[in-house]
Amino acid sequence: MTTKTYYVDGEFVAADAAVLPLADLSVLRGYGVFDLLRTYDGAPFRLDAHLERLERSAQAIGLTMPWSRAELAELVLETYARNALPNASIRLVVTGNVSASFMLPDRPPLLAIMVDPVQPIAPDVYAAGALAVTTRIPRVMAQVKSLNYIGAIMAMQAAKPLGAVEAIYCNAADELSEGTRCNLFVVRDGVVYTPGEDVLLGITRQGVLDAAAGAVEIVEQPVTLDDLRTADEVFLTSTTKELLPIRQIDDIVIGDGNPGPVTARLTTLFQDLVRREIAEIAVR
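Let me sum up the structure you'll find in this document. Chains are numbered independently. Their residues run from 1 in the order of the written sequence. Local features in this predicted model are restricted to residues whose pLDDT is 70 or higher, and side-chain atom pairs enter the listing and the counts only when it is 80 or higher, whereas totals over whole chains, interfaces and linings include all residues. Computation of side-chain values covers all heavy atoms of the structure but excludes hydrogens and water.

**Thoughts on the overall build of the protein**
Then step 1. A tally of regular secondary structure across the protein gives 8 helices and 16 strands.
Then step 2. What the globule rule says is 2.2 Å times the number of residues to the power 0.38, and the radius of gyration is computed from C-alpha atoms. Expected size for 284 residues packed as a compact globule is a radius of gyration near 19 Å; at 19 Å, the protein falls within 12% of this value.
Then step 3. Based on the C-alpha atoms only, the size of the protein along its principal axes is roughly 55 × 45 × 35 Å.
Then step 4. Note on contacts: a residue pair is in contact if any heavy atoms of the two residues lie within 4.5 Å. For the protein, the share of sequence-separated contacts (at least 6 apart) that also reach a separation of at least 24 residues comes to 70%.
Then step 5. His is not counted, nor are the chain ends, whereas Lys and Arg count as positive and Asp and Glu as negative. The atom standing in for a charge is NZ when the residue is Lys, CZ when it is Arg, CG when it is Asp and CD when it is Glu. Charge-centre separation for the protein: the mean point of 24 positive side chains lies 3 Å from the mean point of 36 negative side chains. Helical segments are the DSSP runs of H or I of at least four residues, strand segments are the runs of E of at least two, and each set is numbered from the N terminus.

**What to know about the pairing of strand β8 (residues 166-170)**
Then step 1. Most of β8 is tucked away: 5 of the 5 residues are buried.
Then step 2. Covered by surrounding structure in β8 are E166, I168 and C170 together with A167 and Y169, the residues of both alternating faces.
Then step 3. Note: two strands are recorded as paired if DSSP finds a minimum of 2 bridges between them. Note that strand β7 (residues 130-135) and β8 share 4 bridges and pair parallel. Its bridge partner lying in β8, A132 is registered against E166.
Then step 4. Pairing geometry for β8 and strand β9 (residues 175-179), over 2 bridges, is antiparallel. Following the sheet pairing, C170 is matched in β9 by L176.
Then step 5. Counting the residues in the hairpin turn of β8 and β9 gives 4 residues, including D174, whose phi is positive at 65°. Partly exposed describes any residue whose relative accessible area lies between the buried limit of under 20% and the exposed limit of over 50%, with all areas from a 1.4 Å probe on protein chains only and scaled to the type maximum.

**Regarding the packing of aromatic side chains**
Each aromatic ring pair is specified by the distance between its two centres and by the angle formed by the two planes.
Then step 1. Stacked, edge-to-face and tilted labels apply to pairs of Phe, Tyr and Trp rings (six-membered ring for Trp) whose centres lie within 6.5 Å, assigned for plane angles under 30 degrees, over 60, and everything in between, in that order. Using the criterion set out here, one finds 5 aromatic pairs in the structure.
Then step 2. Ring centres of F45 and F270 lie 6.0 Å apart, and the angle between their planes is 80°; on these two criteria the pair is classed as edge-to-face. Remark: F270 occurs in helix α8 (residues 261-282) and F45 occurs in the loop between β4 (43-44) and α2 (47-60); sequence separation between them is 225 residues. Across this residue pair, the class does not change: F45 and F270 are buried.
Then step 3. Note on F185 and F235: the rings are 4.7 Å apart at their centroids and 5° apart in plane angle, and the pair reads as stacked.

**Side note on helix α5 (residues 150-159)**
Then step 1. Residues A152, A155, M156 and A159 constitute the buried set of α5. One side of α5 carries all its buried residues, which in axial view fall inside an arc of 95°. With respect to the buried face of α5, the exposed residues turned more than 90 degrees away are I150, Q157 and A158.
Then step 2. Where α5 is buried, its residues contact β7 and β8. By construction, the arc corresponds to the directions joining the helix axis to the C-beta atoms.

**Things to note about the pattern of salt bridges**
Then step 1. Salt bridge, as used here, is a side-chain nitrogen of Lys or Arg placed within 4 Å of a carboxyl oxygen of Asp or Glu. Using the criterion set out here, one finds 16 salt bridges in the structure.
Then step 2. Linking E166 and K241 is a salt bridge whose minimum nitrogen-to-oxygen distance equals 3.7 Å. Placement of the pair is E166 in strand β8 and K241 in the loop between β14 (233-238) and β15 (242-249), with a sequence separation of 75 residues.
Then step 3. Taking relative accessible area as the criterion, E166 reaches 0% and is therefore assigned buried.
Then step 4. According to the relative accessible area criterion, K241 is buried, its value standing at 7%.
Then step 5. In this structure, the salt-bridge partner of R275 is D272, at a minimum N-O distance of 2.4 Å. Of this pair, R275 and D272 both sit in helix α8, 3 residues apart, roughly one helical turn.
Then step 6. When its relative accessible area of 27% is taken as the criterion, D272 is described as partly exposed.
Then step 7. The network of salt bridges with common partners includes R46, D210 and E277.

Note that all results are geometric; they support no functional claim without further evidence.
So this is what it looks like as structure tokens:
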């Protein structure tokens, strides 16, 4: 078995030897941010967009990153090159580093880069559609990929025994925003609707919007629980899920309970977009 290589605070180390100090604010207080991208056949998909989002997340919580985007990209590519994984997930983690007060950051942040195999969902789940549930746990700082995932973990702990692949945040007004690790899309009468506010602006989400341009109408607007009852299709998007059809949410069966044609068409359009962009990287 080939040993994976991670990058931690200036050094490339074996994954099973990678550690953070116990006094790091990410350990003590959950203070830090991350981003996750993936590669296709050896090429990273929209690396710059992921790095830009990482910067936005850090700025939003007052974490000043000392690395330029070019430096981060070089470190990502170097870490990835040390791992023999054509289709990998690459996780960048920026922590508050060790704190003398155990509360306030007093030194430059720490950077870790983790490269692991993509863990795909089984093909039969895409073919049949997956189950999801809603959660009333509040979504905190939705537009920041924070290391604080307590709410998301609690939501998924409740969802897993029900066979659900995701928990979708639902507020007091019965408005749905997104899943714990994905964006939400609802299809009705051939038009696709997706929440555009108080959600993480997913890179795959944007890829679907780009791929759909001129082919499928997508409207950014609030989505409610009642909208699910009249929906023809629902799908979720994320870096690792890509476009995942959902056949039921809570007790609501979506459409006829099967993945629909709009989701299938958008999946094809998105895959075509990925192939084009990866091909462009290959010839540079």
